[in-house]
Amino acid sequence: MPSHVFADHPAPQPPERGTVDALITRARRLRGDVDAVRRDAVLEDDDPQGRWQRALCDLAVHHLDDLGAHLGQLKEGLPAESLGLFEDELAEYEADSAQSTGSLLTRVGSAEWNLLTDEVSWSDELYQILGRSPQSGPMTLDELPSIVFAEDQALLTSMVTDCLVDGRPIDGEFRMVRADGRVRTVHMMGEPVLDSDGSTASMWAVLRDVSELRRSERALRESRDHAQRKQHFEQTERRLAVELQEAVLPPWRGSLQFPLDGPAELDVAAHYLPSANSALIGGDWYDALQLPNGGSLLSVGDLTGHGVSATSAMAMLLGALRGMAVAGIEPGPLMAHLNQLLETSVQPALGSAVCCRFDPANRTLSWAQAGHPAPLLFRNGTGQVLTPPEGVLLGATSGAAYEQAEVPLLPGDLLLLHTDGLTRTSAAGDSGTGRLLTLAPRFAAARDAQECVRAVLEVFGEGNREDDACVMVVKIGA
């Protein structure tokens, strides 16, 4: 039989999307051209050359179908983190490729079984594919199933029977075990050859070793399935984190007046700002609470981490903070209790926080902090950073003590509390605190706390913020 030559080419680097689209178009056109040649071919029963050309066209169509599918997958793309998940399969694939001569000559073979003379003819390439010595001779159709996987023997027998009895073409895949024990996946295509009476005189077939192709397809499919499962898990976790965050953070929108049942001493507004990466839901919080003695609790904080673990820890910490504040515990001791709570929790975490208690009777702000940015005080059109009392991060060390500071406030004063995600950006040389202080004139002209929050959002609401953040503005009434 004539040889069939296909040239392999080294795999190029992944092309740009526009290049892939062009390749897909070219592959479709070439597939149509080859299919047209196949349809126009005149096939004579006694013409082995014609049958062989027809088989080559069939194989070329299969190749181009595979190529189109692979280019489509290349266009869709695959997350880079999934590529290292199946090292065993890829290593085996590379080992097979290393043994290849770089040509499909060793992966496509042919055979013909003459039913009238019992002669069997195999190409040299088929011996190589099946790992059989040419000295052992070709195998008959009855012997062929002996090297086929038990699970695939019924398929091979059915295809051969349908071809010999009903004249149906053969087109299917099955696994074979070589003499060296290696398993190969073989794609078999063939047709019966009829004599002048219309009876089957022989059967020819082209067998293609598709082991490497199927292995790489399996690795790609498993990688994509893993990426989809991971994406679904991340989406579910993010949804749960958002729902938990919304359930825990104060439900009020706009400004909140304290006390709730008398002349307003405090005008409070706050806002949560998500990070540039919307998938990162962190443990940032803000809270304002009227206390039984007439005072007010003001706090913001941030826990390390993202997702459900961070928001659940934030919920635990915020609940404890509210409970202790209502019980009358001062900010300094309160921070010490929160530190102990984080240190002994099932899921240890680090956190920063600032906790303030405002006493309307003497207009005094008592506050403590745990490794957190200090509040900003704006008065008479200028701003300053309050000097922070000593306090380490929550959960950082056992038995930590937290100092407490007191600041007298005047009517018209404005406090700004925030988490560090507000002023920490990816821009080099950016001083977020300095930009906040430059807003002092706008704060002085603002009618209420909510308008001040809007001014902050105009400056910090956009851009490449690395983390989520909270901001709270508190305006002292007359």
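Above this text you will find the structure in question.
Residues numbered from 1 in each chain as written. Predicted model: local features only at pLDDT ≥ 70, side-chain atom pairs only at ≥ 80, totals over all residues. Heavy atoms only, no water.

Caption draft 1: View of helix α5 (residues 150-166). For α5, which comprises 17 residues, the first-to-last C-alpha distance of 24 Å matches the rise-based estimate of 24 Å (1.5 Å per residue) to within 8%. Taken as a whole, α5 has its buried residues at Asp152, Leu156, Met159, Val160 and Cys163. Taken around the axis of α5, the buried residues stretch over an arc of 90 degrees, which confines them to a single face. Those residues of α5 that are exposed and angled more than 90 degrees off the buried face are Ala150, Glu151, Ala154 and Val165. Taken together, the buried residues of α5 touch β3 (170-177), β4 (183-194) and β5 (200-209). In the stretch just after α5, Gly167 is the one whose phi turns positive, near 75 degrees. (Helix = DSSP H or I, 4+ residues; strand = E, 2+ residues; numbered from the N terminus. Expected span 1.5 Å × (residues − 1). Buried < 20%, exposed > 50% of the residue type's maximum accessible area, 1.4 Å probe, protein only. Arc of directions from axis to C-beta. Contact = heavy atoms within 4.5 Å.)

Caption draft 2: Structural context of helix α8 (residues 331-344). Helix length check: α8 (14 residues) gives 20 Å between terminal C-alpha atoms against 20 Å at 1.5 Å per residue, within 8%. When α8 is considered as a whole, its buried residues turn out to be Pro331, Gly332, Leu334, Met335, Leu338, Asn339 and Leu342. An end-on view of α8 places all buried positions within 155 degrees of arc, on one side of the element.

Caption draft 3: Main features of the environment of Met335. Here Met335 is to be found in helix α8. Its relative accessible area of 0% is what places Met335 among the buried residues. Considered as a pair, Met335 and Trp367 are 32 residues apart in the sequence and their alpha carbons are 10.0 Å apart. Beyond its immediate chain neighbours, meaning those up to four positions away, Met335 contacts Ala353, Val354, Cys355, Ala368, Gln369, Ala370, Leu394 and Tyr402.

Caption draft 4: Representation of the nonpolar core within the structure. Membership of the largest hydrophobic core comes to 52 residues, with the highest contact counts inside it found for Val268, Trp285, Met335, Trp367, Leu394 and Met472. Tallying contributions element by element places helix α7 (residues 308-326) first for this core, with seven residues. Ignoring sequence-local partners within four residues, the contact set of Met472 consists of Val268, Ala269, Ala270, Tyr286, Asp287, Ala288, Leu298, Ser299, Val300, Leu415, Leu416 and Leu417. Ranked by size, the runner-up nonpolar core spans 24 residues in total, among them Trp113, Ile129, Met159 and Val160. (Core = buried A, V, L, I, M, F, W, Y, C linked by side-chain atoms within 4.5 Å.)

Caption draft 5: Structural view of the side chain of His187. With respect to the helices, strands and loops of the structure, His187 is situated in strand β4. Given the relative accessible area of 5%, His187 is considered buried. Residues within four places of His187 in sequence aside, it is in contact with His62, Asp171, Gly172, Glu173, Val206, Leu207, Arg208 and Val210.

Caption draft 6: Layout of the packing of α7 against α8. Between α7 and α8, the least distance of the axes is 10 Å, while the angle of their chain directions is 150 degrees. For the element pair α7 and α8, the recorded crossing hand is right-handed. Note on element contacts: α8 touches α7 through Leu334, His337, Leu338, Leu341 and Leu342, opposite Met316, Leu317, Ala320, Leu321, Met324 and Ala325. (Axes fitted to C-alpha atoms, helices over the stretch in contact; angles between N-to-C directions. Left-handed = near helix turned anticlockwise from the far one by under 90°.)

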